[in-house]
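# Descriptive analysis of the structure
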Amino acid sequence: MALGALGTTGYLRQEDSLQFGLSTHFTSGAWVTALVEGGQFYAQDQGYDFNLFPTGGESQKQISDIRQMVNQGYDGIVLIPFNSEAIASVVEEAANAGVPVITCDIDAATPADLMHISWNDERATQRATEMLISNLREQKPDQDQYTLLEVRAPPGRDIARLRHEPFVNTIEQTEGFEVAGTVVGDWVRSTAKQRVQEWVNANEVPDGVYSANFGMSLGALSALREMGATAPRGEDGHVVMTQLDGSKNTHEAIKNGFIDGAVDQPNYFYAPLAFAWLERVVNQGEDVLPDVGSTVVSGKGADRETTTANATTTAATQQQASITIDPAMHKGVELWQEPIWSPATVGEALGHRQFVTDHVVITEENADAPYLWGNIWSPGESVEN
Amino acid sequence: MATADYVPESVEVDDLLLSLLDNMIWPILLLMTLAVWVVVPQTFTNLRSIQFILHGSVGLGFVALAEAVCLVSGNFDLSVGSIAGFSAMLAGLVVSANQWNLVSNPLLGVAVILSIGLVIGVTNGVMISKVGINPFLQTLAFLIILQGAKLTLSTITVTGLPDGYTNIGNSPRISVGLLFLTFVLVGFVMKYTPFGQAVYAVGSDDESARAVGIDTDRVVIAVYAISGVLSAAGGLMLTGFINVVPPTIGDELVFPAFAAAVIGGVSLYGGRGKVTGALGGVLLLGLIQAALNISGTPPEQVTLVNGLVLLAAILVYSSRRRLRERILSRQVEASDYGR
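Below, the structure is looked at part by part. Computed from a predicted structure; not experimentally measured. (Residues numbered from 1 in each chain as written. Chains lettered and ligands numbered in written order. Predicted model: local features only at pLDDT ≥ 70, side-chain atom pairs only at ≥ 80, totals over all residues. Heavy atoms only, no water.)

## As for the overall build of chain A
Note the following rule: A run of DSSP states H or I qualifies as a helix once it reaches four residues; a run of E qualifies as a strand once it reaches two. Both are numbered from the N-terminal end. Here's how the labels work: a residue is buried when its accessible area is under 20% of the maximum for its type, exposed when over 50%, partly exposed in between, all with a 1.4 Å probe on protein chains only. Residues are treated as being in contact if the distance between any of their heavy atoms lies within 4.5 Å. Only the protein chains shown count as covering a residue, and every accessible area follows the Shrake-Rupley method with a 1.4 Å probe.
For chain A, the count of helices and strands is 11 helices and 18 strands. Looking at chain A as a whole, 60% of its 385 residues are labelled buried. Put simply, 74% of the contacts in chain A that link residues at least 6 apart link residues at least 24 apart. Counting every atom, chain A has about 14300 Å² of accessible surface; 44% of that belongs to carbon and sulfur.

## Re the interface of chain A and chain B
Formally: Buried area: the accessible area, evaluated with a 1.4 Å probe, that two parts lose upon being put together, summed over both parts. Every case where a carboxyl oxygen of Asp or Glu lies within 4 Å of a side-chain nitrogen of Lys or Arg is listed as a salt bridge. Here a polar contact means two N or O atoms within 3.5 Å. Within protein one must be a hydrogen donor candidate and the other an acceptor candidate, and residues neighboring in sequence count only if both atoms are side-chain atoms.
Contact residues are listed per partner, giving 30 residues for chain A and 28 residues for chain B. Of the roughly 2600 Å² buried between chain A and chain B, counting both surfaces, carbon and sulfur atoms make up 54%. Viewed at the interface, chain B and chain A are joined by zero salt bridges. Between the two partners, chain A and chain B, sit five residue pairs in polar contact (both at pLDDT 80 or more).

## Quick look at the packing of aromatic side chains
Residues and elements named next belong to chain A. Our working definition: In this analysis, rings of Phe, Tyr and Trp, with Trp reduced to its six-membered ring, are considered paired at centre separations within 6.5 Å, and the interplanar angle assigns stacked below 30 degrees, edge-to-face beyond 60, and tilted for intermediate values.
Per the counting criterion, the structure on display carries 18 aromatic pairs over all chains. Taking 6.2 Å as the distance between ring centres and 65 degrees as the angle between the ring planes, the aromatic pair formed by phenylalanine 53 and tyrosine 74 counts as edge-to-face. Here phenylalanine 53 is found in strand S3 (residues 49-54), whereas its partner tyrosine 74 is found in the loop between helix H2 (59-71) and strand S4 (76-80), with 21 residues between them in sequence. The buried category is assigned to phenylalanine 53, whose relative accessible area is 16%. Note on tyrosine 74: relative accessible area 3%, which makes it buried.

## Remarks on the pattern of salt bridges
Residue and element names in this part refer to chain A. Enumeration according to the criterion identifies 14 salt bridges over all chains in this entry. Between glutamate 226 and lysine 193 there is a salt bridge, with its nearest N and O atoms 2.8 Å apart. Taken together, the positions of glutamate 226 in helix H8 (residues 214-226) and lysine 193 in helix H7 (residues 189-202) put the pair 33 residues apart, joining distant regions of the chain. A relative accessible area of 0% places lysine 193 in the buried class.

## Some remarks on unusual backbone geometry
Residue and element names in this part refer to chain A. A cis geometry characterises the amide bond from serine 342 onward to proline 343, with omega recorded as 0 degrees. Topologically, proline 343 is positioned in the loop between strand S15 (333-335) and strand S16 (344-349). The phi dihedral of aspartate 245 falls on the positive side, at around 70 degrees, and the residue is not glycine. Within the secondary structure, aspartate 245 sits in the loop between strand S10 (240-244) and helix H9 (248-255). Unusually for a residue other than glycine, lysine 331 sits at a positive phi of about 55 degrees. Among the structural elements, lysine 331 can be located in the loop between strand S14 (328-330) and S15.

## Re the packing of H7 of chain A against helix H3 (residues 47-56) of chain B
Rules: Simply put, an axis is a line fit to the C-alpha atoms, just over the touching stretch for a helix, and the angle between two N-to-C directions goes from 0 to 180 degrees. Throughout this description, any angle smaller than 35 degrees is read as roughly parallel, any larger than 145 degrees as roughly antiparallel, any in the 65 to 115 degree range as roughly perpendicular, and the remainder as oblique. Three classes are used: nonpolar for Ala, Val, Leu, Ile, Met, Phe, Trp, Tyr, Cys and Pro, charged for Asp, Glu, Lys and Arg, and polar for all others, with Gly counted as polar.
Where H7 of chain A meets H3 of chain B, the closest approach of the two axes is 9 Å, and the angle between their N-to-C directions is 170 degrees. Regarding the angle of H7 of chain A to H3 of chain B, the classification is roughly antiparallel. Note on element contacts: H3 of chain B touches H7 of chain A through Arg48, Ser49, Phe52, Ile53 and Gly56 of chain B, opposite Gln194, Gln197, Glu198 and Asn201 of chain A. Of the residues in the contact of H7 of chain A with H3 of chain B, the class split is two nonpolar, five polar and two charged.

## What to know about the sheet that holds strand S7 (residues 146-152) of chain A
All names here are of chain A. As a reminder, the rule being used: When DSSP finds two or more bridges between two strands, those strands count as paired.
What the six strands build is an open sheet, ordered S8-S7-S9-S10-S11-S18; its pairing is mixed. Sheet topology places strand S8 (177-184) and strand S18 (360-362) at the edges, where each strand pairs with a single neighbour. Along the sheet, successive strands turn relative to each other by an average axial angle of 15 degrees, direction set aside. Here helix H4 (residues 121-139) sits on the sheet and contacts S7, S8, strand S9 (208-211), S10, strand S11 (261-264) and S18; the angle it forms with S10, its principal contact strand, is near 170 degrees.

## Here's the deal with a nonpolar patch on the surface
Residues and elements named next belong to chain B. So the rule is basically this: Here the term patch refers to residues with relative accessible area over 30% and no salt bridge, with like charges joined within 9 Å and nonpolar side chains (Val, Leu, Ile, Met, Phe, Trp, Tyr) within 5 Å.
On the surface, a cluster of nonpolar side chains totalling about 270 Å² of accessible area is made up of Leu118, Val122, Val126 and Val131. You can see valine 131 is positioned in the loop between helix H6 (106-129) and helix H7 (135-153). For valine 131, a relative accessible area of 53% corresponds to the exposed category.

## So, the pairing of strand S5 (residues 101-104) of chain A
All names here are of chain A. The condition that has to hold: The handedness of a crossover follows from its direction of travel: if, with the strands pointing away from the viewer, the path from the first strand over the helix to the second runs clockwise, the crossover is right-handed.
Burial of the side chains of S5 extends over both faces: Val101 and Thr103 are buried on one face and Ile102 and Cys104 on the other. When S4 meets S5, the two strands line up parallel, connected through three bridges. Bridging across to S5, isoleucine 77 finds its partner in valine 101. In this region the chain leaves S4, passes through helix H3 (residues 84-96) and returns to the parallel neighbour S5; the handedness of that crossover is right-handed. One ladder, built from three bridges, connects S5 with strand S6 (residues 115-118); its direction is parallel. Note on S6: the bridge partner recorded for isoleucine 102 is methionine 115.

## What about the environment of leucine 253 of chain B?
Residues and elements named next belong to chain B. Secondary-structure assignment places leucine 253 in the loop between helix H12 (216-242) and helix H13 (254-263). The class of leucine 253 is buried, set by a relative accessible area of 10%. Excluding residues within four positions of it along the chain, leucine 253 makes contact with Leu60, Val63, Gly81, Ala84 and Leu238.

## So, the side chain of aspartate 121 of chain A
Among the secondary structure elements, aspartate 121 of chain A is positioned in helix H4. Not counting residues up to four positions away in its chain, the partners in contact with aspartate 121 of chain A are Ile159, Leu162 and Arg163 of chain A.

## Considerations on the nonpolar core
Put simply, the rule reads: As used here, the term nonpolar core means buried Ala, Val, Leu, Ile, Met, Phe, Trp, Tyr and Cys residues forming a set that is joined through side-chain atoms within 4.5 Å.
Counting residues in hydrophobic clusters, the biggest one holds 101 residues, and the most contacted among them are Ile117, Tyr268, Phe275, Trp277, Trp336 and Phe355 of chain A. If one sorts the elements of this core by residue count, helix H10 (residues 267-284) of chain A sits on top with 11 residues. In terms of nonpolar packing, the next biggest core, distinct from the first, is built from 96 residues, Val72, Ile83, Val94 and Val186 of chain B among them.

## Quick word on H13 of chain B
Residue and element names in this part refer to chain B. Across the 10 residues that make up H13, a large majority, eight, are buried. For H13, the complete set of buried residues consists of Val254, Ala257, Phe258, Ala259, Ala260, Ala261, Val262 and Ile263. Positive phi shows up at glycine 265, right after H13, with a value of about 100 degrees.

## Structural notes on the environment of alanine 180 of chain A
Residue and element names in this part refer to chain A. Topologically, alanine 180 is positioned in strand S8. In sequence terms alanine 180 and aspartate 207 are 27 residues apart; their C-alpha atoms lie 9.9 Å from each other. Discounting residues that sit within four places of it in the chain, alanine 180 has contacts with Thr147, Leu148 and Trp199.

Following this line, the structure appears as structure tokens:
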């Protein structure tokens, strides 16, 4: 059983360092940069022999890269798969060769995936939807009917579904709320802007807008602004907006009252957490991983109360492990100072552990916080869009 | 003789038919507009509806024109979207107050982005005409190289662009006006100038064009240079539309650009079609997207509809080719009778 704060501090092997690889299908975007650089910085701090394998959005190269790493005797692999199913067999190959694989952000669909580290998209979508509902009720108390516009991602990938269905289901079950329209924003500002412009022009300005990521939300805001349909919170004509994921632009819009809230990920912790667990596995074996049903907290805050919604509640399984990502100076800040991932709950799906981190709710109170990735990775950005 | 009397009248009708076939996209666009008006009337709630469709189509419009010019010359350009994205990113970094901040004058910024497109286009043209690389492979290589180079330059959205630089693409009047003006200008050049006729000649038959004294290498280089500049103009318009340069800019443009050109009647085999038809193709795609968006069509079905539209266009145009051949052979037959 994996209990107790082992931490990773001071684990430096200068002569015989651990050889870890990070394979990612992502290639661009500030959010991705934060995720990948978080891993690179941590590997550098820990003195790992580290290699990054970007695959540019295809499974075939990712499979080859993993085989290369296995062939070269890597000690462990952190993997952000392009396709959960396509990558499964090569993860099994790695496991059979004794190379542990931990995935981040997207699962590998196999029990050989030692552990998957990410937030829970459904729970985050639920939270963003609840924020939309509560903000509308607070800000427009005289209304008993509210119309909503959803800016969703194109269907076809799990993430698009997970960021869509909880919103629709919650609204269907909430009296007085109606999804008046859905537009597909392709994850990016330009498409979202055009689609929202067209939809709003053909219909009425909705009372609220939910967007499945920050790019589409900023596109929607840009569309409303150009149509003269924006007003800050507290003023007549304010369209309540909530979304998933923060960004520098989002934070500024929240501070200025044009976006009401966002639910954000501790993305720059994902890869460091994966490396920290891999190191334990390499040194102590797989039993060191947290049990399904347990809660994991940051070693720094191990004594604080667990508040996550789906934290295990039965006495038999109320076990608490801890792990620490030590802060270090990167990007001009004390990175990982605030363990925003904690507490995490450990579940099971696809035959392997799911290390589900906590999320961060961004409002005007904390939009300036130095622990938000958007304030670290894009400090020069402006909301002038 | 009855046949001799029949020929002139028939030729007139045939010429009318041929002209109609060459401009088929416009009646199709008109019919589709009427259909959308009836089935999804809220697509045309007011004049702004049309403005949104036009404004949202500007970036793709420039890139589709770039592709159309290449197709007419009998060549491919798979790199048009990547040129748009790369030139937007590089120029964005050059003019951004938050980044390199090398140029603050908006007009100079425009010159920078168009020059980037020009250099890439000329490189494509020289590699194809002088080095003899297959156009498909050359532009495929540049598609990949430029995508990688764009991400090497920045994986983070570039902001802090000068107002004058973004206003061009952000203002519906300016950007749509420039798009129409460019189509008219390029259409005029292609139809009424020796250079335009040389492009059609090279696209129809490279060997014959060379035999009649056309410097085909120069024509190909010029075509790719124009394509590069137009693609970069598309990048400028996309930048203005969203006021920033995200690292994904231009990534999804190449296939819609091809589709728009083909739907607009430009032949994939070269030498046929009017580049102005690509504008009709862009507008048709924009109109259908807007109607699907507003009608609440499930997003799962939107891609299916897009594919069906393209297939329908291909079927229509392959019928057109057969019809054209039939009309032309009838004219030859008729003139033989008259001789």
